[in-house]
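Residues per chain, in single letters:
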Amino acid sequence: MKYLFTLLMACLPFSFTHGIKSHPSFLNSSGRWVVWSEKPAASWQDAFVTGNGSHGTMVMGQPGEERIICVHEELFIRGWDRNKVAVPCTASLLPQVRSLMESGKSDAADALMTSEADRQLVAMGARQRWPLIPHPAFDLCIRHTGIPLQTEKQYRRQLDLETGEVLTSWCENGKVTESVFSSREHNVNVVRLKADEGNKMNLVLSLKETPGREGMHFDHNLDSAFSSVKAEAVSGWLSYRAGYKYDVGGYEGLARVTVKGGSMTAEGDSLRITDAEEVLVLIRITPLKEARLSVRSSVQKELSGLPLDYGKLLKPHSRIHGEMFRRMQLDLGCSSDWKTVPTEKMLSTIHECGVTPLFLEQIHAMGRYLLISSSGKYPPPLQGIWGGGWKPGWIGGFVWDSNINLAISAASMGNLHECAESYIGYVENLLPGWRLNAKNYLGCRGFLVAHYNDPENGYLTHFGRSFPWMFWAGGAGWNIRPFYEYAMLTGNETFLKEHVFPLYREMAGFYEDYLIMGCDSLYHICPSVSPENASPGTDTWLSKDATMDVAIAREVFGLLLEMGHKFRVDKKELERWSHYLQRLPAYRINNDGALAEWIDPHYPDVYNHRHLSHLYPVFPGSRLGKSKGDSRLIKAASVALDKRFAFDTGSAHGLIHVALQAVRLGDIEKVKTNLDRFCRRHYLYDGLVTSHDPEHQVYNLDAVLSFPRLLMEMLVYTEKGKIELLPAWPHEYADGCIKGIQVYGGHTLDITWKSGQLVEAVLHARQNESYEVVYGDRRTRLQLREGKTYHFSAQFFAEK
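Residues numbered from 1 in each chain as written. Predicted model: local features only at pLDDT ≥ 70, side-chain atom pairs only at ≥ 80, totals over all residues. Heavy atoms only, no water.

Per an unreviewed UniProt entry, the chain goes by the name Glycoside hydrolase N-terminal domain-containing protein and belongs to Bacteroides hominis.

Structure below.
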């Protein structure tokens, strides 16, 4: 009983656990979720980051010569003007492409389509196949005059995940504290520099271009990317203004600078501050659709009206941010370790020893923090809203064939509806472009989505010989699935009816136009693509009946029938959807006993690849699982996962993707092994952001953002009308509790466990429905009532 009481207390809101009286600033932070470093960032990748979804910073924490990288989610170097409609018209070539495919000439079919599409785009002036590069806005440079560089006496750099505030402090002739956050309330980056009582600071402040803009990157000439860049200073203000060369847009940055004590004078494009007790800097970055139209006067007026008290600026922001962060918390009993173990030590420990409870707590909390901080007008692309360089890997884009899918996978289940709505709103803005892609490229209704589209309008311009993305039939279905998940996990039937159902209806229109009837009286997908893999003997990804494409078509028609019955649509429409679903080709099991990546037997499997496209029905789909679907297919899916697991991808997100599918198939050993592989390969920087490859190669957030979903899936599986408790939490992993998981139906769930066994689960019902709760080989069915709370223990199930 004592153990149970301790765990249940750990799952209470932390302001109560820690005690209000001992923490007078509890409205801002409990102090529970603070990661810290004992040294400055060695490179921008090691920075602690802040963000309000749109604005953000990367804090290096360099005493004496600080560089705070300021970013905004809407800044892109473009290859051509944003107003250009750049979608080729190639639909007339589709019959010829299919004829070549039937003749076994897939390379020629690829060349026909991609060369014509490329010719048309070049004629339009759209030359780059990676059209946009995200980039930093500028650096706030802070030079402490008279203080030695790299001072580390009494040094500490920390990030409070509960408030989004980075604090850096050091001592040199008195303590100096630098505080930074990105305000959700006022939409500014806030920077405060404060000397301890009785001491003064002497500083030079300026806004400078982030170093490194030079040379070529994916056919973009960075040296000539801007038509103009100008930084200025007048007393009390720093400004920065840039216009793009190949696009009419640009951006402005304006910083209001105030001091307590001392004086401030402008020197060129810098401000010199002498004998100050405190310096406050408020930074607003404004993207401009037309660089010639300045917004400086209105922004200056708005910044002038903001409070000059740092606490008054922080309080409303931390209230909003903290409420989101605290909705779900994973507690493995490591609160004291957060206070005593710097990130460098935690990382060295997992490199030597593998998974630790502290690692699991921190990676879960950091994943939530980064998702909250980088979900704004756009969901997080590869680098989130951050980046301290000008040459991001894979152009730092929105990659729609696993990366963005994994990055936002924890949003709805993690009780972060704002982050899910960021994704939903973004996709809805891209739908006109996706419709134009389908119409122009293929002559179809519905949507066509490549693995990379223009981030601002959705146009498909990224393709080439060997990777003809205009034939990826499954892209749209994969990327509207989060709409369905959001509706089901929030229990929002209105959203399901008014947003999800119409999208799936449009997708049915796409398949009705694109599917072709074969001599076997089945509908086939030709051409097809299995991202990002090619069968041996070809130089192209172009294929027929890729398993992923067929699986997504099955899902679309299956969900349509489910929703159609629910919303009482016309019987003829239901019959049409059922007709297509029943006549899609069956999955193939290859000679190795594995679920084949291509249904067509002319395409042999290739196992040494990081993508797991053909296992879509396992995850993120849910039509195959350890106890769901045809037993032969379940076994074949497990064999296919064995093959990919044996390949052992080096990509961090690939390891997590394998683990997510292993959870669904009940293979806990693969989950443990891939978490161990992740821990030992140096994927995490000191600032707890992940790299794509081992040994800190390529700054990339999709792995850390997907960790919360993996840990949630290890603790609960959810589908319509059902949850399964502790399906894949290893008994040797830490005891603990998690609170606030959102499950299908809009209900929330708290779980406490010991030695991998259930202590107690609490289900908070949000609507009336019949619900099945499964634990091990036992199950119970309940009639949930809105507003009621249901408790389950191991003893409860033993008595069933």
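Novice: Just to check I follow, could you spell out helix 16 (residues 631-647) for this structure?
Specialist: Here helix 16 contains 17 residues, and its C-alpha end-to-end distance of 25 Å stays within 8% of the 24 Å for a straight helix at 1.5 Å per residue. Residues of helix 16 that are buried: Leu633, Ile634, Ala636, Ala637, Val639, Ala640, Leu641, Arg644 and Phe645. Put simply, aspartate 630 is the residue that caps the front of helix 16, since its side-chain oxygen is 2.7 Å from the backbone nitrogen of arginine 632. Directly beyond the C-terminal end of helix 16, a positive phi value near 60° is found at aspartate 648. (Helix = DSSP H or I, 4+ residues; strand = E, 2+ residues; numbered from the N terminus. Expected span 1.5 Å × (residues − 1). Buried < 20%, exposed > 50% of the residue type's maximum accessible area, 1.4 Å probe, protein only. Polar contact = N/O pair within 3.5 Å; in protein donor to acceptor, adjacent residues only side chain to side chain.)

Novice: Honestly, the sheet that holds strand 27 (residues 722-725) in this entry has me stumped. Any pointers?
Specialist: Consider a sheet: its strands pair through backbone hydrogen bonds, and that pairing is either parallel or antiparallel. Taken in spatial order, the 4 strands make up an open sheet running 26-27-31-32, and their pairing is mixed. What marks the edges here is a single partner per strand, and that holds for strand 26 (716-719) and strand 32 (778-784). On average, each strand axis in the sheet is inclined to that of its neighbour by 15°, with strand direction left out of account. Bridge count between strand 26 and strand 27: 4 bridges; the pairing is antiparallel. In the strand pairing of strand 27, valine 716 is matched with leucine 725. Packing of helix 19 (residues 702-715) onto the sheet brings it into contact with strand 26 and strand 27, and relative to strand 26 it is tilted by some 90°. (Pairing = 2+ DSSP bridges. Axes fitted to C-alpha atoms, helices over the stretch in contact; angles between N-to-C directions. Contact = heavy atoms within 4.5 Å.)

Novice: Sorry if this is basic, but what is going on with the pairing of strand 2 (residues 48-51) here?
Specialist: Two faces belong to every sheet, and in a regular strand the side chains alternate between them. Judged by which residues are buried, strand 2 turns out to be covered on both faces: Phe48 and Thr50 on one side and Val49 and Gly51 on the other are all buried. Bridge count between strand 2 and strand 3 (residues 55-59): 4 bridges; the pairing is antiparallel. Counterpart to threonine 50 in the pairing with strand 3 is threonine 57. Linkage of strand 2 to strand 3, two consecutive antiparallel strands, is achieved through a turn of 3 residues, within which glycine 53 is found at a positive phi near 100°.

Novice: Would you explain the sheet that holds strand 21 (residues 329-331) in this entry?
Specialist: Strand order in the open sheet formed by 5 strands is 21-28-29-30-33, with antiparallel pairing between adjacent strands. Each end of this open sheet is capped by a strand with a single partner; those strands are strand 21 and strand 33 (789-792). Direction aside, neighbouring strands of the sheet carry axes that sit 15° apart on average. Note that strand 30 (residues 757-764) and strand 33 share 4 bridges and pair antiparallel. Each residue of the ladder has a partner; that of valine 762, found in strand 33, is histidine 791. The sheet contacts of helix 19 involve strand 21, strand 28 (736-743) and strand 29 (747-754), and relative to strand 28 the element is tilted by about 100°.

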